[in-house]
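Examination of the molecular architecture
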Amino acid sequence: MTTPDQQPARPGPGGAPATASARPAGAVSPEAVRTVACVGAGVIGGGWVAHFLARGYRVTAWDPAPDAERRLRDLVDSAWPALTRLGLAEGASVANLTVAPTLAEAVAGADFVQESAPERLELKVELLAEIDAAAPEHVVIGSSTSGYSMTEMQVRAARPGRLVVGHPFNPPYLVPLVEVVGGTATDAWAVEWASEFYRAAGKSVITMDRELPGFIGNRIQEAAWREALHMVANGEATVEQIDLAMTAGPGLRWAFFGPCLTFHLAGGEGGMAHMLDHFGPSLKSPWTRLESPELTPALRDAMVRETDEVAAGRSNAELIAQRDRRLIAVMRALAEVEAEEAREAQEARA
Ligand SMILES: NC(=O)c1ccc[n+]([C@@H]2O[C@H](COP(=O)([O-])OP(=O)(O)OC[C@H]3O[C@@H](n4cnc5c(N)ncnc54)[C@H](O)[C@@H]3O)[C@@H](O)[C@H]2O)c1
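Residues numbered from 1 in each chain as written. Predicted model: local features only at pLDDT ≥ 70, side-chain atom pairs only at ≥ 80, totals over all residues.

As named in an unreviewed UniProt entry, the chain is L-carnitine dehydrogenase, taken from Streptomonospora nanhaiensis. Database annotation for the chain, UniProt heading Function (unreviewed entry): "Catalyzes the NAD(+)-dependent oxidation of L-carnitine to 3-dehydrocarnitine." (UniProt positions renumbered as here; feature names shortened; annotations may be inferred.)

Given below as structure tokens:
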């Protein structure tokens, strides 16, 4: 379906043909972006501001709340030590942030706009139309929305072709994933442009070829979350047990191999094919409230073929060696941080 860092020819939502178009001659190249406008500067917008500043961009921000500038500068200041530890781009500085008095001034000189206003459809529809009216021609506009499709949000924009979803994960200044997808009226070039830009800005990008409620990351997260809620509601597990089950179990592996590559290894030498043939019948067992799709030969083959693609020629032994090494790296890093935290807590008490 979709894989990270691929730029497929993009069919439109639901598989319909996309609004195909070449990048307009006047569009700045994604690598040449210098100034990013961030519209809405709360938890996510502020996190984007911190990320773009740390990657060396100039940022102009706008947020209508009276205390927005103070909140934004506090957020950036508190993120900056972590970003400095992580490594700043050349020229990166908090001084590259300008808080603009109006939306129009914020976007006037931007090479890209990231919208992170509250999650209310009417507000997004109006705001995206306003940004579209004020931003220079050919500048791509990304929305951080967690739940709305761009098809729903772009209806009042005069130039909807440049509107895309660029869905981040909190905090955007640390978690790399951005999911990019257009709506029915989005031009294919804008989806490609945004994907290339986010990549140039240090993000891990999934370019989606169709709109999907919740995108990909949240659908996987939501499945685990709803099952956790069911287990608590039924007295089957406590919050403590659920969190430990994840942080001492699958969560550790999922930090570097996703659920598919992890299960490929559960199949031993036979990989995903053996895993599905062996555990296929368990899909009918009540191990979760989420129903499994029918494990048809076509689904089995797709899982085997695509997992092989992700394994990219690595043998079972090589994958096991990588898994073990990465598990140890993650566990050691966590142990180190926990020891540091304990030392700091002791010093604070002394
Ligand atoms: N919080 C998350 O974990 C998360 C993760 C991914 C995506 N998102 C999405 O990011 C967006 C922002 O969410 P948030 O959690 O930062 O919310 P938030 O409430 O922290 O921030 C929203 C900001 O928008 C400002 N605002 C209000 N009206 C505005 C307007 N008309 N124009 C511009 N700004 C306006 C508010 O003053 C506030 O500072 C939402 O679409 C949300 O779904 C959130």
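**A few points about the sheet that holds strand β7 (residues 177-182)**
Judged by pairing direction, the sheet is mixed, and its 8 strands sit side by side in the order β3-β2-β1-β4-β5-β6-β7-β8 without closing on themselves. Single-partner strands in this sheet number two, and they are β3 (97-99) and β8 (204-207). Between one strand axis and the next, the sheet turns by 25° as a mean value, whatever way the strands run. As paired elements, strand β2 (residues 58-62) and β3 share 3 bridges and run parallel to each other. Bridged to valine 59 within β3 is leucine 97. Contacts between helix α4 (residues 121-134) and the sheet are confined to β1 (35-39), β4 (112-115), β5 (140-143) and β6 (163-168), with β5 contributing the most and set at about 160° to the helix. (Pairing = 2+ DSSP bridges. Helix = DSSP H or I, 4+ residues; strand = E, 2+ residues; numbered from the N terminus. Axes fitted to C-alpha atoms, helices over the stretch in contact; angles between N-to-C directions. Contact = placed C-beta atoms within 7 Å.)

**Section: the packing of helix α10 (residues 259-266) against helix α12 (residues 297-311)**
Their axes nearest at 10 Å, the elements α10 and α12 cross at an angle of 100°. Classified by the angle between their axes, α10 and α12 sit roughly perpendicular to one another. Seen from α10, the contacting residues are Cys260, Leu261 and His264; seen from α12, they are Thr307, Val310 and Ala311. Among the residues making up the contact of α10 with α12, the classes are represented as 4 nonpolar, 2 polar and no charged. (Parallel < 35°, antiparallel > 145°, perpendicular 65-115°, else oblique. Nonpolar A, V, L, I, M, F, W, Y, C, P; charged D, E, K, R; others polar.)

**Regarding helix α1 (residues 43-54)**
An α-helix turns once per 3.6 residues; consequently, residues spaced three or four apart project the same way. End to end, α1 covers 17 Å across 12 residues, agreeing with the expected 16 Å (1.5 Å per residue, within 8%). Where α1 is buried, its residues touch β1, β2, α2 (68-86), β3, β4 and β6. One or two steps after α1, the chain reaches glycine 56, where phi turns positive at roughly 90°. (Expected span 1.5 Å × (residues − 1).)

**Brief notes about the nonpolar core**
Core analysis: the biggest nonpolar cluster contains 61 residues, and Val39, Val49, Ala61, Val113, Val164 and Val180 have the highest contact counts within it. Here the element with the most residues in this core is helix α6 (residues 188-200); it accounts for 8 residues. If we ignore the near neighbours within four places in the chain, the residues touching alanine 61 are Cys38, Ala41, Val49, Leu72, Leu97, Val99, Ala100 and Ala106. (Core = buried A, V, L, I, M, F, W, Y, C linked by C-beta atoms within 7 Å. Buried ≥ 20, exposed ≤ 12 C-beta atoms within 10 Å, placed from the backbone.)

**Here's the deal with the site of the ligand**
As a matter of local geometry, the ligand sits amid 23 residues, with Gly40, Gly42, Ile44, Ala65 and Ser146 nearest to it. Of all the secondary-structure elements, those providing two or more residues to the shell around the ligand are α1, α4 and β6. Broken down by element, the shell around the ligand gets its largest block of residues, 3 residues, from α1. (Near = placed C-beta within 6 Å.)

**What to know about the UniProt feature "domain: 3-hydroxyacyl-CoA dehydrogenase NAD binding" (unreviewed entry) in the chain**
Feature annotation in UniProt places "domain: 3-hydroxyacyl-CoA dehydrogenase NAD binding" (unreviewed entry) on residues 35-208, given in this structure's numbering. From the first C-alpha to the last, residues 35-208 spans 26 Å; its make-up is 39% helix and 21% strand.

**Some remarks on the packing of α10 against helix α11 (residues 271-279)**
α11 packs onto α10 with a crossing angle of 80° between their chain directions and a minimal axis gap of 7 Å. On the basis of the axis angle, α10 is roughly perpendicular to α11. Between α10 and α11, the contacting residues are Phe263, His264 and Ala266 on the first element and Gly271, Met272 and Met275 on the second.

**Regarding the domain arrangement of the chain**
Accessible area lost on assembly of the parts is the figure often given for the size of an interface. Along its sequence, the chain is organised into domain 1 (13-207) and domain 2 (249-349). Spacing between the C-alpha centres of domain 1 and domain 2 amounts to 32 Å. (Domains from an automatic or database assignment.)

**Let's talk about the UniProt feature "binding site: NAD(+)" (unreviewed entry) in the chain**
UniProt records the feature "binding site: NAD(+)" (unreviewed entry) for Gly40, Ala41, Gly42, Val43, Ile44 and Gly45 in the present numbering. Here glycine 40 falls in the buried class, since 26 other C-beta atoms lie within 10 Å of it. If we ignore the near neighbours within four places in the chain, the residues touching glycine 40 are Gly45, Asp63, Glu115, Ser116 and Ala117. Along the chain, the position of glycine 45 falls in helix α1. For glycine 45, the residues in contact, after removing those within four places along its chain, are Cys38, Gly40, Asp63 and Ser116.

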